[in-house]
Amino acid sequence: MSNSKTAAIVLAAGLGTRMKSNLPKVLHPIAGRAMILQLLDSLSAINPEKTILVVGPDMEPVSDAVSAAGFDVEIVVQQERLGTGHAVQQAESALSGFDGDILVLYGDSPLITSDTMEKMLNARSGGDDPAVVVLGFRPFDPGEYGRLVLNASGGLEAIVEAKDASEDELANDLCNSGFMAIESKVLFELTAKLSNDNAKGEFYLTDIVGHAGEAGRGCTFVECDEEETIGINSRAELAVAETILQDRLREAAMENGATLTDPSSVYFSYDTQIGQDVTIGPNVFFGPGVEICNGVEIRAFCHIEGAFVEDNAIIGPFARLRPGADIGKDVHIGNFVEIKNATMAAGAKANHLSYIGDSKVGERANIGAGTITCNYDGYVKSMTEIGAGAFIGSNTALVAPVKVGAGAITGAGSVITENVDADALALTRSEQKTVDGYAAKLRAKKGKK
Ligand code: UD1
Ligand code: MG
């Protein structure tokens, strides 16, 4: 680990025009949270002393989202978008007095890992004390990326933007990711030398490499996979980033001891926690806030968010667990069952076609097919309590607030509006009438067999 202190400047003043969206680009989500939060989370693993986020005018939603997520970030506004070098200059006063290394990252390139940040910082404090470490990569298609120009001894001499590059320079596939680690003492001396005399008429941060060389300071680079450097400018690129992140999350779940029958059809959130010996069938989606304990089986086509599932429960196929679903040990939740803000204690079962909302279901209680907790009267939500070992007959409507005692039974098709005592039977359907021979007579009358 690098010994010097670290600060970070995250550039996010870009307009994101190509997203065609009212939402600022860096708030578009990947794996269930805004891309900027994904980046700040990876950054927090290296413990920066200070993080400066450079945003454009009218980007309050970005600062709000970042502080709501609990990140300690100082916001700086770049009034005019005059280039990456100009954006970094905006952080100068926020970093006055800071002594250490400064990482420059892009808010719309959220897939860089903390390991790679660490590698850059280590290179900054190692070797011949380079002033700047640039993160390079060799993309499949170098296209419009800036190119890293090396000197005879393999040091980094300059970065040339594609628009300003010669044919020879464009033939070089070693590209600039845009991320840098820079010694704080020299950063703002170097940015002060930038000019906008180039093809785009912008103040390029990349030019600090050439200026460092002129000042007698060496620069270097480290390389990473193209996947870590992907920048998101369009919805199509957002989808590519999502795929890369999902693959990482799938691999992590499998490494931790979960079986994914068809990994590519399972979607995780950034915070999904999956225990050991969990089996996840095809086409399962996890929204934010899910914890699945050991030995749980999640069968195909489940949609799960904000739920806690204890050991050895069986969920699905086709089950929906919504926020506040608290599923105990050995519970079975079967097809077309929706659970919301409800506790199912150990061994309880709801195997078919039910809605259990705002409820407490006791141990080993059995919820029959078609049971509905009527938790909402159009004005307020109310609770349903079902005691341990109770048996709720098929197609029971439980009109909340209502309690069914331990061991009680409700008859199939009942509408339960009053509390049921423990071990009692509650039935609300009308008695059955049987007319002997009626069906046969009817058929005869209609002339049918
Ligand atoms: C930049 C690099 C290029 C590199 C590429 C990698 C420069 C001059 N070029 O080019 O070498 O290969 O990234 O993706 O640095 N931003 C601001 N304010 C500004 C301008 C940009 O905050 O005034 C932010 C953007 O929001 C974005 C980042 O800086 O997060 C990069 O800007 P962008 O315009 O995408 O730079 P590129 O032209 O792609
Ligand atoms: Mg770009």
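Above this text you will find the structure in question.
Presented here is an overview of the structure given in this document. Note that the structure is a prediction, hence the values are computed from the model and not measured.

1. A short note on the packing of aromatic side chains
And then number 1: Under the definition given, this model contains 5 aromatic pairs.
And then number 2: A centroid spacing of 5.7 Å and a plane angle of 75° characterise the contact between tyrosine 106 and phenylalanine 179, whose relative ring orientation is edge-to-face. Of this pair, tyrosine 106 sits in strand β6 (residues 101–106) while phenylalanine 179 sits in strand β10 (residues 175–183), placing them 73 residues apart in sequence.
And then number 3: Ring centres of phenylalanine 318 and phenylalanine 336 lie 5.2 Å apart, and the angle between their planes is 20°; this geometry places the pair in the stacked category. A residue pair is termed long-range when its members are at least 10 positions apart, and phenylalanine 318 in the loop between β21 (314–315) and β22 (320–321) and phenylalanine 336 in strand β24 (residues 332–344) qualify at 18 residues.
And then number 4: These aromatic residues form a ring-pair network of at least three members: Phe301, Phe318 and Phe336.
And then number 5: Cation over ring: lysine 381 sits above tyrosine 376, and NZ or CZ is 5.2 Å from the ring centre.

2. Describing the site of ligand 1
And then number 1: Around ligand 1, 20 residues are found, and the nearest of them are Gln78, Gly83, Thr84, Glu161 and Asn176.
And then number 2: Measuring from an oxygen atom of ligand 1, one finds a backbone N or O atom of asparagine 176 at 2.6 Å.
And then number 3: In isolation ligand 1 exposes 750 Å². Once the protein is present, 88% of that is buried.
And then number 4: When atom positions are compared with the pocket grids, ligand 1 is found to occupy the largest pocket.

3. A short note on helix α4 (residues 114–125)
And then number 1: An ideal rise of 1.5 Å per residue puts 16 Å on 12 residues; α4 measures up with 17 Å between its terminal C-alpha atoms.
And then number 2: Residues Thr116, Met117, Glu118, Met120, Leu121, Ala123 and Arg124 constitute the buried set of α4.
And then number 3: Of the residues flanking the end of α4, it is glycine 127, one or two places downstream, whose phi is positive at about 55°.

4. Quick look at the pairing of strand β7 (residues 132–137)
Taken residue by residue, a regular strand's side chains alternate between the two faces of the sheet.
And then number 1: Counting buried residues in β7 gives 6 out of 6 residues, a clear majority hidden from the surface.
And then number 2: Where burial is concerned, the two faces of β7 agree: the one with Val132, Val134 and Gly136 and the one with Val133, Leu135 and Phe137 are both buried.
And then number 3: Two strands pair when backbone bridges link them, and β7 and β10 are joined in this way by 5 bridges, in the antiparallel orientation. Within β10, the position partnered with valine 132 by the bridge is isoleucine 182.

5. Section: the nonpolar core
And then number 1: Core analysis: the largest hydrophobic core is formed by 126 residues, its most contacted members being Phe286, Ile315, Ile327 and Ile333.
And then number 2: If near-sequence neighbours (up to four positions away) are discounted, isoleucine 333 is found in contact with Ile314, Ile315, Gly316, Ala319, Leu321, Ile327, Ile339, Met344, Ala350 and Asn351.

6. Remarks on the pattern of salt bridges
And then number 1: Summed over all chains, the structure comprises 17 salt bridges.
And then number 2: In this structure, lysine 163 engages glutamate 144 in a salt bridge whose closest nitrogen and oxygen atoms are separated by 3.6 Å. Note that lysine 163 is positioned in the loop between β9 (156–160) and α5 (167–171) and glutamate 144 in the loop between β7 and β8 (147–150), a separation of 19 residues in sequence. Here the two residues lysine 163 and glutamate 144 agree in accessibility, since each one is exposed.
And then number 3: For arginine 320, the salt bridge is made with glutamate 305, and the minimal N-O distance between the two is 4.0 Å. With a gap of 15 residues between them, arginine 320 in strand β22 and glutamate 305 in the loop between β19 (303–304) and β20 (307–309) connect regions that are remote in the sequence.
And then number 4: What makes arginine 320 partly exposed here is its relative accessible area of 34%.
And then number 5: Residue class for glutamate 305 comes out partly exposed when judged on its relative accessible area of 22%.

7. Here's the deal with the side chain of histidine 86
And then number 1: In this structure, histidine 86 sits in helix α3 (residues 84–89).
And then number 2: Polar contacts involving the side chain of histidine 86 include one to the main-chain carbonyl oxygen of glutamate 80, which spans 3.5 Å.
And then number 3: Ignoring sequence-local partners within four residues, the contact set of histidine 86 consists of Gln78, Glu80 and Phe203.

Thresholds, definitions, all that
- Residues numbered from 1 in each chain as written.
- Chains lettered and ligands numbered in written order.
- Predicted model: local features only at pLDDT ≥ 70, side-chain atom pairs only at ≥ 80, totals over all residues.
- Heavy atoms only, no water.
- Phe/Tyr/Trp six-rings, centres within 6.5 Å; stacked < 30°, edge-to-face > 60°.
- Helix = DSSP H or I, 4+ residues; strand = E, 2+ residues; numbered from the N terminus.
- Lys NZ or Arg CZ within 6 Å of the ring centre and 35° of its normal.
- Near = heavy atom within 4 Å.
- Polar contact = N/O pair within 3.5 Å; in protein donor to acceptor, adjacent residues only side chain to side chain.
- Areas by Shrake-Rupley, 256 points an atom, 1.4 Å probe, with all protein chains shown as cover.
- 1 Å grid on protein atoms, 1.4 Å probe; cavity = no way out; pocket = protein on both sides within 12 Å on 5 of 7 lines; lining within 4 Å.
- Sits in = over half its atoms within 2 Å of the grid points.
- Expected span 1.5 Å × (residues − 1).
- Buried < 20%, exposed > 50% of the residue type's maximum accessible area, 1.4 Å probe, protein only.
- Pairing = 2+ DSSP bridges.
- Core = buried A, V, L, I, M, F, W, Y, C linked by side-chain atoms within 4.5 Å.
- Contact = heavy atoms within 4.5 Å.
- Salt bridge = Lys/Arg side-chain N within 4 Å of Asp/Glu carboxyl O.

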